[in-house]
Amino acid sequence: MSAIINDIEIIKAKTTKINDVDFDNLKFGHVFSDHMLECNYENGKWQTPKVVPYQGITLDPSAKIFHYGQSVFEGMKAYKDADKNVWLFRPLENFKRLNISSKRLAIPELPENYFMDGLQALLEVDKDWIPTNEGSSLYIRPFVFASGNGFHASPADAYKFIICTAPSGSYFAGDVKVLIEEKYSRSANGGVGFAKAGGNYAGQFYPTQLAIEKGYQQVIWTDDNTHEYIEEAGAMNIFVRINDTLITGPTSDRILDGITRKSIIELAKSEGIPVEVRKITVSEVVEAAKNGSLKEMFGAGTAAVISPISGFGYKEADYDLPQLEDTYAAYLKKRITDIQTNKAEDPFGWRFQVK
Ligand code: PLP
Ligand code: COI
């Protein structure tokens, strides 16, 4: 596929906001870099992307995104090493997944070079926004939504693909206490749970609010049919360590095929950690918590990286996890972030240099 990078028009912001940013105290996704990538789908075709100043978007009130939620997104991070080289982590996986999500939502798929060249053009312009503090990175949010108009409940005839970026610190402040969900579901067989569709997240907010009111930070999603199987941890994939075995559920219609998840599986296997990809029942986790074989639970995702779970609630009872000295979570988090930030060899070829 031919490069389109030279065709990407770059319209620079007249002033920069960077001097207002406290890079030592970054929240997650709270301040936004000076530029964004914008690309429109019109007349049956994706038009050439542009880098433009970060700005609002004007849409008609009948735009289908507002009424029918036709939108998908991705989450990625850019890192800068000590020599100021800029790195991404498995970006083609995000590109492929964006198109998998788009296809399910009847959104036109993007050509690979529009995504990859557009992203690199944007990062070239805003590379000063990539934080270098430990635990910080430039969070990247590519998204595609229906900008075309009309109340007819059918796919729009116009779309926007935008990438904006936010220098960010940790997603969670500390360990996370979770509630195993017994009533609500985030996804179902034949549904859109495997896609990063905006509406999946809106559907999680209310049950998550209820869990927060009870003193938990996140919901552990269970299968919609029986609520007997553990599937995801909020907007993260979930891992459970019973004795020394690391277990995660298989991906399905209902579960997002996380890039962090599949990297952890590969990394752990290569380090000799026993890994099982199989269904996990709520009852085995409760039983393991009771008999002391449940050593760790953690969520895994781009935003949260690896986020240890300190305890869980289920059927009005609370279960605490042990406070271990050496956890798989801490070890794997260091291994993966060292690869992402070019502090360690990358035998898997996951790191991608932005030139
Ligand atoms: N599961 C859900 C529902 C998510 O939203 C995310 C976040 O992207 C993940 C899992 C983790 O996926 P990844 O590791 O690709 O970020
Ligand atoms: C990510 O981990 O990048 C995600 O997309 C999760 C998000 C909802 C913050």
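Keep in mind that this is a model prediction, so the values were computed, not measured. (Residues numbered from 1 in each chain as written. Chains lettered and ligands numbered in written order. Predicted model: local features only at pLDDT ≥ 70, side-chain atom pairs only at ≥ 80, totals over all residues. Heavy atoms only, no water.)

Novice: Which parts of the structure should I look at to understand the domain arrangement of the protein?
Specialist: As far as domains go, the protein holds domain 1 (2-168) and domain 2 (176-340). Here domain 1 and domain 2 have C-alpha centroids that lie 28 Å from each other. The partner domain 2 presents 22 residues to the 20 residues of domain 1 that form the contact. Contact between domain 1 and domain 2 buries roughly 1,800 Å² in total, counting both sides, with carbon and sulfur atoms accounting for 61%. Taken together, the connections running from domain 1 to domain 2 amount to one salt bridge. (Domains from an automatic or database assignment. Contact = heavy atoms within 4.5 Å. Buried area = accessible area lost by both parts, 1.4 Å probe. Salt bridge = Lys/Arg side-chain N within 4 Å of Asp/Glu carboxyl O.)

Novice: I would appreciate a short explanation of the pairing of strand 13 (residues 236-242) in the present structure.
Specialist: Here is the key point about a regular strand: its side chains alternate between the two faces of the sheet. When you tally the buried positions in strand 13, you get seven out of seven residues, the bulk of the element. Across two bridges, strand 12 (residues 229-233) lies against strand 13 in antiparallel orientation. Counterpart to glutamate 232 in the pairing with strand 13 is asparagine 237. Turn length for the strand 12-strand 13 hairpin, with the two strands adjacent in sequence and antiparallel, is two residues, and the turn residue glycine 234 shows positive phi of about 60°. Note that strand 13 and strand 17 (residues 294-301) share six bridges and pair antiparallel. The residue bridging phenylalanine 239 from the neighbouring strand is phenylalanine 298, located in strand 17. (Buried < 20%, exposed > 50% of the residue type's maximum accessible area, 1.4 Å probe, protein only. Helix = DSSP H or I, 4+ residues; strand = E, 2+ residues; numbered from the N terminus. Pairing = 2+ DSSP bridges.)

Novice: Just to check I follow, could you spell out the site of ligand 2 for this structure?
Specialist: The environment of ligand 2 is formed by Phe73, Gly75, Tyr139, Arg141, Tyr171, Lys196, Tyr201, Ala235, Thr302 and Ala303. Side-chain polar atom of tyrosine 139 to an oxygen atom of ligand 2: 2.6 Å apart, as the coordinates give it. Separating an oxygen atom of ligand 2 from a side-chain N or O atom of lysine 196 is a distance of 2.7 Å. (Near = heavy atom within 4 Å. Polar contact = N/O pair within 3.5 Å; in protein donor to acceptor, adjacent residues only side chain to side chain.)

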